[in-house]
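Spelled out, the chains give:
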Amino acid sequence: MHIAARCARMRPSAPGREIDLIVLPAAHARLVEQALAAAVAAGNLPAGERPAVDIRPAARPELGDYASAIALRLARPLRRKPLEIANTIAGHLPPAPFLASVDVAPPGFLNFRLDETWLCAQIDAMLQEGDTLAQLDNGNGRRALVEFVSANPTGPLHIGRSRGAIVGDTLARLLQACGYKVEREYYFNNAGRQMQMLGESLRIRYLQALGRQVDLPEEDFYQGDYLVQQARLLREEQGEALLSAAGRDYQRFAEAQMFAGIRSTLERIDIRHDRFFNEHSLYENGALEDVLDRLQARDQLYQAAEWEGASEEEKNRAAGRAPASWFRASRFGIDKDHVLMRSDGTPTYTLPDIAYHADKLARAYDLTVNILGADHYVQHQVVRAALDALGEDTSRLRVVILQFVRLMQGGVERKMSTRRGDYETLDDLIDETGPDAVRYLLLARSADARLDFDLDLAVAQNNDNPVYYIQNAHVRCAGILRRAEAAGIDDTVGDLSLLGDNERCFLRKALELPAVIEQSVTELEPHRIAFYAHDLAGIFHPLYENVRVLGEDVPPELAAARLRFYRAAQLVFRRVLTLMGMSAPETM
RNA sequence: GCCUCCGUAGCUCAGUGGAUAGAGCAACUGUCUUCUAAACAGUAGGUCGGGAGUUCGAUUCUCUCCGGGGGCGCCA
């Protein structure tokens with residue numbers, strides 16, 4: 001996929017201002033397309049199928065601002081020399097306000113240079129955009145669903161779920177920035193044995209809280225001390241009134257507490273779901289039977305004690321067992337068939353999962369994204385295969401598989417044991433490091449890479465910590481604006497052409513934001529925004545040292561121009577931080 | 001064994017079918033009386049795991065081997 005192939009357009013400018021926003025490098029790509037068409041029309045290039053025009057920021061600044069290797073790629077299909085093609089394109093390139101020059105470099109690169117006056121004028125364009133800076137309309141109001149977290153309410157969110165929470169929510173924010181109408185959904189199950197055991201565990205903790213001599217069995221019971229606290233709460237609120245209560249009452253209480261806890265934990269990192277989809281509702285509305293009937297009708301289901309491809313040994317072992325219902329997943333490239341209905345007539349996890357995704361698809365979102373841990377890979381393959389078997393269109397269903405998180409402290413892994421119940425919760429992590437550090441550090445890694453969450457780094461208040469490095473850029477802008485306001489500097493009059501190379505370098509990077517957002521969304525790679533933010537701060541801080549607003553040696557005209565620049569820079573940082581769900585502090 | 005992800009600087013990781021592969025940290029040398037030093041300037045650091053293939057061009061794509069994570073349940 002080439003960025004340039006997806007021509008992004010800014011939303012229409014607000015009335016009353018004359019500045020049109022141009023998204024780079026998509027605008028370059030359009031120029032090149034026009035040049036190619038003109039060259040073909042003039043008979044200077046043969047017509048025919050062409051690869052998409054690729055434009056990217058230039059590898060080295062001395063070459064230009066943007067570069068394209070399109071002539072090299074066209075050499076084969078057009079049967080011409082790359083250099084000749086590049087020259088032809090350059091010769092037919094229409095003029096554009098943002099374009100100062102185009103050079104052809106061997107063996108056939110096109111190097112574009114931005115018009116510096118235009119570049120500096122983008123400061124006003126940015127200020128005009130305000131908090132919706134780089135808002136794209138690619139999505140054009142299409143609907144997207146992002147499902148993430150989806151932990152059952154059996155305990156507090158732990159570190160393993162945190163990554164999906166951050167990635168899912170950030171992706172949702174980026175989709176919104178791309179013009180999608182986004183819904184955030186949380187899928188959960190509050191029925192079944194797990195929840196029963198949760199209720200039972202709470203009942204025992206409650207008895208213990210009342211001083212009764214009861215042991216909590218290790219097997220199957222929830223050991224976490226969050227239940228001890230809940231039990232204490234119950235005792236304080238109810239005294240001994242619940243001694244005769246049914247297990248169901250405990251379960252209901254535990255569930256309500258858990259969900260309240262999960263939601264408030266998520267809110268601490270600024271995450272709110274629009275819908276909590278209860279798996280159990282699929283049991284009640286006939287969705288499960290519907291899936292089974294449809295699969296049966298398509299000969300994708302059979303009843304047997306063991307799957308058809310099993311070894312003789314496995315089949316012998318299963319002999320005499322009541323038959324289960326198997327989905328023919330092996331027909332879809334999966335290594336074996338999967339059980340949807342157990343021998344005892346109860347559904348497996350997979351069946352409602354299929355029904356849930358069928359429900360999602362029926363809701364006809366233009367894009368449906370699922371954020372999953374690596375351990376769910378096969379499960380998702382089976383669900384997708386089942387949907388294919390049902391004849392559903394699974395092309396709108398996309399999934400982000402996240403590798404695991406390891407908690408590191410003092411250079412060694414901090415082990416978590418769910419069985420003992422002393423695992424690291426997301427709440428603990430936020431307590432220790434703060435919401436911004438949690439969000440940034442869990443975002444700033446590609447989904448494919450295992451993430452080592454470095455606790456020492458997260459709490460570090462020094463330049464090792466990228467969180468503060470980025471936020472400090474915003475703080476520094478805010479500081480300048482505060483001081484300048486106090487000094488009575490009016491930045492509406494400054495001549496932006498007085499700005500220097502440092503500022504222009506920053507502006508070039510700032511203009512990449514729309515493309516970064518766009519690419520994050522099309523590739524479902526929200527980590528890109530995190531790296532972009534760090535890069536942007538890396539250009540900002542050196543500049544800050546040299547580009548002063550206040551000071552006797554800065555002429556008023558220049559001070560005003562620089563102040564306007566810093567106002568725009570602050571806006572960019574605030575926008576980027578907001579897209580990552582982080583705060584943009586005025587002071588630190 | 002099968003599926004999947006990873007292997008890039010001492011460490012943690014970006015990136016990419018194109019021009020001289022990047023950043024942070026660590027190491028070393030410097031910089032605050034000046035808008036926040038949670039910062040900046042500089043030095044050093046690489047057979048992009050090995051091999052083969054496709055290509056005008058491969059770190060990027062394909063195959064294979066090696067090493068590591070995760071998954072392979074009538075759990076969720």
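Now for a quick tour of the structure. (Residues numbered from 1 in each chain as written. Chains lettered and ligands numbered in written order. Predicted model: local features only at pLDDT ≥ 70, side-chain atom pairs only at ≥ 80, totals over all residues. Heavy atoms only, no water.)

**Description of the overall build of chain A**
Consideration 1: The helix and strand inventory of chain A stands at 21 helices and 15 strands.
Consideration 2: Taking the principal axes of the C-alpha coordinates as reference, chain A spans close to 80 × 65 × 45 Å.
Consideration 3: The buried share of chain A, reckoned over its 588 residues, is 52%.
Consideration 4: Long-range pairs, those at least 24 residues apart, make up 73% of the contacts in chain A between residues at least 6 apart in sequence. (Helix = DSSP H or I, 4+ residues; strand = E, 2+ residues; numbered from the N terminus. Buried < 20%, exposed > 50% of the residue type's maximum accessible area, 1.4 Å probe, protein only. Contact = heavy atoms within 4.5 Å.)

**Some thoughts on the sheet that holds strand 1 (residues 56-57)**
Consideration 1: Spatially, 1-2-4-3 is the arrangement adopted by the 4 strands of the open sheet, whose pairing is antiparallel. With partners counted over all chains shown, the strands left at the sheet margins are strand 1 and strand 3 (99-105), one partner each.
Consideration 2: Bridge count between strand 1 and strand 2 (residues 66-68): 2 bridges; the pairing is antiparallel. Among the inter-strand pairings, Pro 57 is bridged to a residue of strand 2, identified as Tyr 66.
Consideration 3: Most of the contacts of helix 3 (residues 82-92) go to strand 3, to which it runs at about 165°, and overall it touches strand 3 and strand 4 (109-114). (Pairing = 2+ DSSP bridges. Axes fitted to C-alpha atoms, helices over the stretch in contact; angles between N-to-C directions.)

**Some words on the nonpolar core**
Consideration 1: The biggest cluster of nonpolar side chains holds 127 residues, and the ones touching the most others in it are Phe 453, Ile 517, Ile 529 and Met 580.
Consideration 2: Ignoring anything within four residues of it in the chain, the contact list for Ile 517 reads Ala 134, Leu 136, Leu 174, Ala 177, Cys 178, Ile 529 and Leu 579.
Consideration 3: Counting 28 residues, the second-largest nonpolar core is a separate cluster that includes Ala 287, Leu 301, Phe 327 and Tyr 356. (Core = buried A, V, L, I, M, F, W, Y, C linked by side-chain atoms within 4.5 Å.)

**A few points about the pattern of salt bridges**
Consideration 1: Considering all chains together, one arrives at 38 salt bridges under this definition.
Consideration 2: Residue Asp 124 pairs with Arg 564 through a salt bridge whose shortest N-O separation is 2.5 Å. You can see Asp 124 sitting in helix 4 (residues 116-129) and its partner Arg 564 sitting in helix 21 (residues 556-579), a full 440 residues away along the chain. Of the two residues examined, Asp 124 and Arg 564, each falls in the buried class.
Consideration 3: Linked by salt bridges that have partners in common, Asp 169, Arg 173, Arg 184, Asp 270, Arg 272 and Arg 439 make up one network. (Salt bridge = Lys/Arg side-chain N within 4 Å of Asp/Glu carboxyl O.)

**Topic: helix 12 (residues 350-362)**
Three or four residues apart is the spacing at which side chains of an α-helix point the same way, because the helix has 3.6 residues per turn.
Consideration 1: Over its 13 residues, helix 12 extends 18 Å from the first C-alpha to the last, a length consistent with the 18 Å expected when each residue adds 1.5 Å.
Consideration 2: Across the 13 residues that make up helix 12, a large majority, 11, are buried.
Consideration 3: For helix 12, the complete set of buried residues consists of Thr 350, Leu 351, Pro 352, Asp 353, Ile 354, Ala 355, Tyr 356, His 357, Ala 358, Lys 360 and Leu 361.
Consideration 4: At the exit of helix 12 stands Ala 364, carrying a positive phi of roughly 60°. (Expected span 1.5 Å × (residues − 1).)

**Concerning the side chain of Asp 436**
Consideration 1: Within the secondary structure, Asp 436 sits in helix 15 (residues 435-443).
Consideration 2: Here Asp 436 occupies a buried position and makes no salt bridge, while the nearest side chain of opposite charge, Arg 439, is found at 6.9 Å.
Consideration 3: At a separation of 2.5 Å, a polar atom in the side chain of Asp 436 contacts the side chain of Ser 583.
Consideration 4: In contact with Asp 436, other than residues within four places in its own chain, are Val 467, Gln 471, Gly 581, Met 582 and Ser 583. (Lys, Arg positive; Asp, Glu negative; His and termini not counted. Polar contact = N/O pair within 3.5 Å; in protein donor to acceptor, adjacent residues only side chain to side chain.)

**Quick notes on the packing of aromatic side chains**
Geometry of an aromatic ring pair is reported as the spacing of the ring centres plus the angle between the planes.
Consideration 1: This structure, assessed with the given rule, holds 18 aromatic pairs.
Consideration 2: When the centroid spacing of 5.8 Å and the interplanar angle of 55° are considered together, the rings of Tyr 206 and Tyr 250 count as tilted. Within this pair, whereas Tyr 206 is found in helix 6 (residues 193-209), its partner Tyr 250 is found in helix 8 (residues 247-268), the two being separated by 44 residues in sequence.
Consideration 3: With a centroid separation of 6.1 Å and an interplanar angle of 35°, the aromatic rings of Phe 540 and Tyr 544 are classed as tilted. Of this pair, Phe 540 and Tyr 544 both sit in helix 20 (residues 527-546), 4 residues apart, which is roughly one turn of that helix. (Phe/Tyr/Trp six-rings, centres within 6.5 Å; stacked < 30°, edge-to-face > 60°.)

**With respect to the sheet that holds strand 8 (residues 301-304)**
Consideration 1: Reading across from one edge, 8-9-10 is the order of the 3 strands in this open sheet, with antiparallel pairing throughout. Strands with a single pairing partner mark the edges of an open sheet, and in this sheet they are strand 8 and strand 10 (338-341). Looking at each pair of strands side by side, their axes are set apart by 45° on average, direction ignored.
Consideration 2: Pairing of strand 9 (residues 324-327) with strand 10 involves 3 bridges; the strand directions are antiparallel. Directly across from Trp 326, in strand 10, lies its bridge partner Val 339.

**Brief notes about unusual backbone geometry**
Consideration 1: Cis geometry is found at the peptide bond from Leu 24 to Pro 25, where omega equals 0°.
Consideration 2: With respect to the element layout, Pro 25 can be found in the segment before helix 1 (26-41).
Consideration 3: In this chain, Pro 106 is followed by Pro 107 through a cis amide linkage whose omega measures 0°.
Consideration 4: With respect to the element layout, Pro 107 can be found in the loop between strand 3 and strand 4.
Consideration 5: Positive phi outside glycine occurs at Arg 79, with the angle close to 55°.
Consideration 6: Within the element layout of this structure, Arg 79 appears in the loop between helix 2 (70-78) and helix 3.
Consideration 7: According to the relative accessible area criterion, Arg 79 is exposed, its value standing at 75%.

**Description of the environment of Gly 239**
Consideration 1: Mapped onto the elements of the fold, Gly 239 is located in the loop between helix 7 (226-238) and helix 8.
Consideration 2: Residue classification places Gly 239 among the partly exposed residues on the basis of a relative accessible area of 24%.
Consideration 3: It is 44 Å that separates the C-alpha atoms of Gly 239 and Gln 379, two residues lying 140 residues apart in sequence.
Consideration 4: Excluding residues that lie within four positions of it along the chain, Gly 239 makes contacts with Tyr 206, Leu 210 and Leu 234.

**Notes on the packing of helix 14 (residues 426-433) against helix 15**
Consideration 1: The N-to-C vectors of helix 14 and helix 15 enclose an angle of 110°; their axes lie 7 Å apart at closest approach. What the angle tells us is that helix 14 and helix 15 run roughly perpendicular. Counting all contacts with helix 14, which are made through Leu 426, Leu 429, Ile 430 and Thr 433, the residues of helix 15 involved are Pro 435, Ala 437 and Val 438.
Consideration 2: Its residues assigned to classes, the contact of helix 14 with helix 15 shows 6 nonpolar, 1 polar and no charged. (Parallel < 35°, antiparallel > 145°, perpendicular 65-115°, else oblique. Nonpolar A, V, L, I, M, F, W, Y, C, P; charged D, E, K, R; others polar.)

**Here we look at the state of the cysteines**
Consideration 1: In this structure the tally under the stated criterion is 0 disulfides.
Consideration 2: Free of any disulfide, Cys 120 has its nearest neighbouring cysteine sulfur in Cys 505, separated by 12 Å.
Consideration 3: Cys 120 sits in the buried class, given a relative accessible area of 3%.
Consideration 4: Judged by its relative accessible area of 35%, Cys 505 is partly exposed. (Disulfide = S-S within 2.5 Å.)

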